Amino acid sequence: MGCTNSSMVAYTRLSPNHSGQRTMAIDRITPHCVVGQCTAEGLGDWFVKSNTQASSNYGIDKDGRVGLYVEEKNRSWCSSSNANDQRAVTIECASDSAEPYAFRDAVYRKLIELCIDICRRNGKNKLIWFGDKDKALNYSPKSGEMILTVHRWFANKSCPGNWMYARMGDLAEKVTKKLVGASDSGGGIGSKGMQASVLKDLSETDTIKKVGELFTADQKKSGILASVSLAQFILESGYGKSELAQNANNLFGMKKSLSGNSWSGSAWDGKSVYTKKTQEQNADGSYETITADFRKYSCIEDSIADHSAYLFGAMNGKKLRYDGLKGCTDYKKSVYIIRDGGYATSLDYVERLCSIIEKWSLTQYDAKDSGGGVIWWYRVRKTWADSRTQKGAYKILENAKKCADQNLGYKVFDADGKVVYEPKAVEPAVKVPFLVKVSISDLNIRSGAGTNFARVQFCPPGVYTIIDVKAGQGSKAGWGRLKSGTGWVSLDFVKRV
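Residues numbered from 1 in each chain as written. Predicted model: local features only at pLDDT ≥ 70, side-chain atom pairs only at ≥ 80, totals over all residues. Heavy atoms only, no water.

S.K.: Tell me about the sheet that holds strand β3 (residues 28–33), residues and numbers included.
M.R.: Two orientations exist for strands paired in a sheet by backbone hydrogen bonds: parallel and antiparallel. In space, the seven strands of this open sheet follow the order β1-β5-β4-β7-β3-β9-β8, with mixed pairing throughout. Taken across any chain shown, the strands that pair with only one partner, and hence form the sheet edges, are β1 (9–12) and β8 (126–128). For this sheet, the mean angle separating the axes of adjacent strands, direction not counted, is 30°. Across three bridges, strand β4 (residues 58–60) lies against strand β5 (residues 66–68) in antiparallel orientation. For glycine 59, the partnering residue across the bridge sits in β5 and is glycine 67. (Pairing = 2+ DSSP bridges. Helix = DSSP H or I, 4+ residues; strand = E, 2+ residues; numbered from the N terminus. Axes fitted to C-alpha atoms, helices over the stretch in contact; angles between N-to-C directions.)

S.K.: Please provide a residue-by-residue account of the packing of helix α13 (residues 331–340) against helix α14 (residues 349–359), values included.
M.R.: Where α13 meets α14, the closest approach of the two axes is 10 Å, and the angle between their N-to-C directions is 150°. With respect to their mutual orientation, α13 and α14 come out roughly antiparallel. Pair α13 / α14 crosses with right-handed handedness. Residues Tyr331, Lys332, Val335, Tyr336, Ile338 and Arg339 of α13 pack against Tyr349, Val350, Leu353, Cys354, Ile357 and Glu358 of α14. (Parallel < 35°, antiparallel > 145°, perpendicular 65-115°, else oblique. Left-handed = near helix turned anticlockwise from the far one by under 90°. Contact = heavy atoms within 4.5 Å.)

S.K.: I'd like a rundown of helix α3 (residues 105–121), residues and numbers included.
M.R.: The first and last C-alpha atoms of α3 sit 25 Å apart over 17 residues, in line with the 24 Å expected at 1.5 Å per residue. Taken as a whole, α3 has its buried residues at Val107, Tyr108, Leu111, Ile112, Leu114, Cys115, Ile116, Asp117, Ile118, Cys119 and Arg121. Just downstream of α3 lies glycine 123, where phi reads positive at about 70°. (Expected span 1.5 Å × (residues − 1). Buried < 20%, exposed > 50% of the residue type's maximum accessible area, 1.4 Å probe, protein only.)

S.K.: Tell me what's going on with the state of the cysteines, and back it up with residues and numbers.
M.R.: Each disulfide consists of one covalent bond between the sulfur atoms belonging to two cysteines. Per the counting criterion, the structure on display carries zero disulfides. Unpaired in this structure, cysteine 38 has its nearest cysteine sulfur neighbour in cysteine 93, at a distance of 9.0 Å. Of all cysteine sulfurs, the one in cysteine 33 lies closest to cysteine 159, which takes part in no disulfide; the gap is 4.2 Å. (Disulfide = S-S within 2.5 Å.)

S.K.: An account of a nonpolar patch on the surface is needed here, citing residue identities and associated values.
M.R.: Together, Leu435, Val463 and Val497 give the surface a local cluster of nonpolar side chains, amounting to about 260 Å² of exposed area. When you line up the elements, leucine 435 lands in strand β18 (residues 434–438). (Patch = residues over 30% accessible without salt bridge, like charges linked within 9 Å, V, L, I, M, F, W, Y side chains within 5 Å. Areas by Shrake-Rupley, 256 points an atom, 1.4 Å probe, with all protein chains shown as cover. Salt bridge = Lys/Arg side-chain N within 4 Å of Asp/Glu carboxyl O.)

S.K.: Hey, could you go over the sheet that holds strand β14 (residues 378–381) for me, with residue numbers and the actual values?
M.R.: Pairing is antiparallel across the open sheet formed by four strands, whose spatial order is β15-β14-β16-β17. Of all strands in the sheet, those with a lone pairing partner are β15 (392–394) and β17 (419–421), marking the two edges. Neighbour to neighbour, the strand axes of the sheet diverge by 40° on average, direction disregarded. Judged from the three bridges that link them, β14 and strand β16 (residues 411–413) form a sheet pairing that is antiparallel. Counterpart to arginine 381 in the pairing with β16 is lysine 411. The strands touched by helix α15 (residues 397–405) are β14, β15, β16 and β17; relative to β14, the strand with the most contacts, the crossing angle is about 5°.

S.K.: Mind laying out the pairing of strand β9 (residues 145–148), listing which residues take part and the relevant values?
M.R.: The side-chain alternation of β9 yields two buried faces, one formed by Glu145 and Ile147 and the other by Met146 and Leu148. Where β3 and β9 come together, two bridges link them in parallel fashion. In the sheet register, arginine 28 faces β9, and the bridge partner there is isoleucine 147. Across three bridges, the pairing between β8 and β9 is parallel. Within the sheet, the bridge partner assigned to lysine 126 lies in β9 and is glutamate 145.

S.K.: Could you give an account of the pattern of salt bridges, with specific residues and numbers?
M.R.: Summed over the entire model, instances satisfying the criterion amount to 16 salt bridges. Between arginine 75 and aspartate 442 there is a salt bridge, with its nearest N and O atoms 3.1 Å apart. Of this pair, arginine 75 sits in strand β6 (residues 74–76) while aspartate 442 is found in the loop between β18 and β19 (443–446), placing the two residues 367 residues apart along the sequence. This pair shows no difference in class: arginine 75 is buried, exactly as aspartate 442 is. The shortest N-O distance in the salt bridge between aspartate 105 and arginine 109 comes to 2.8 Å. Taken together, the residues span about one helical turn, with aspartate 105 and arginine 109 both in helix α3 at a distance of four residues. Each of Glu41, Asp61 and Arg65 takes part in one network of salt bridges that share partners.

Next up, the structure:
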């Protein structure tokens, strides 16, 4: 099996940008983000140009149509790594043009289907995601195994973007389940492989534990106590058994029209909604039925993030509706702030929410430091303003420092954006000249020591003399200056001889 093309292809335009037939068997799949909501035809127009110097085996456009640009039997130019592209089927996916480079639901679903098809035709019954570069690249797949790899492992890029990177495990799980014949009803998509269809089969305790993992993530919690957000989920979704939870959409029941709310992010696009009737309690204790349009989300995380953004940004005139909520470490006080801001739809909102928090011990999901406060994570970035450069967030400062030491040009920031650690620039103590061997065909020669310098040309395979070494962006081993004077190459991708 193998060396055939997918029958799912809706458009074909073969690119001249490839290296001919593979020298290795297919045992990897590498999804990429296009950084734009492209069409299959537009992507083909781009790849067919010889000066593009790039291609992929397949592309999935914004509507979920599959394009074929390099036949599977041939090695595409896609991942900045000859070794990876010789073994991988590469797939460019239409995405938003800014981080986290999110895919539309149609694109992600088609990616799952295409990966299933690729695995089947290549005799694979298991797709694996390790989430660790060294482990993945040093692993020798068994005959029935396919490995997921990502572009960011081989170049200083975000690709496939943080949206898709967070779903690589989910992709592997869904594809493997289908390959081995497990049922997959398709429902909404959640992180860590959690589908809404799974929730309805769990006990209340297990459901809360499962969903609790989502609320402890710092980027989604955004300062609101996890216990409070999780209690609202439980109160409003019926322990994961309601229509909203089972479809992993709109877990917090956000309406398209929010009285007095001037937060710009609450705009309704008129499309991604559905109508639902709710019961809201009046001040005299009576109830009335409200029919409202609710926004839908493709995944649980988006709903959580949107809910947090609303609570922090909702305004009553010039005053924040939920002023004092951000950074509040007392769950009872937080609940009162939310109720008094007008969020609650019942008179006993505080009692109900607090009882849920206490019954299920939800404060266990509130990250604590040694002093009992909310953890303020240390973030490793190039600059505080550019969150796209973030390498990670750490509870322990020493771990954050270690990460910064391993990534040239990065610093450690506290929760207020202040630099708390900046590694000293150290030039590598290397004796020159020395010889290196280049085995890959797509190693860039740059005009200076770093990926921030322009590419001059590709460095052909061969043996070269290095006469100078400097540290620079995008290389852990440093950059070597070629004796020929052509420019600099990353020493990460050469072998010293």
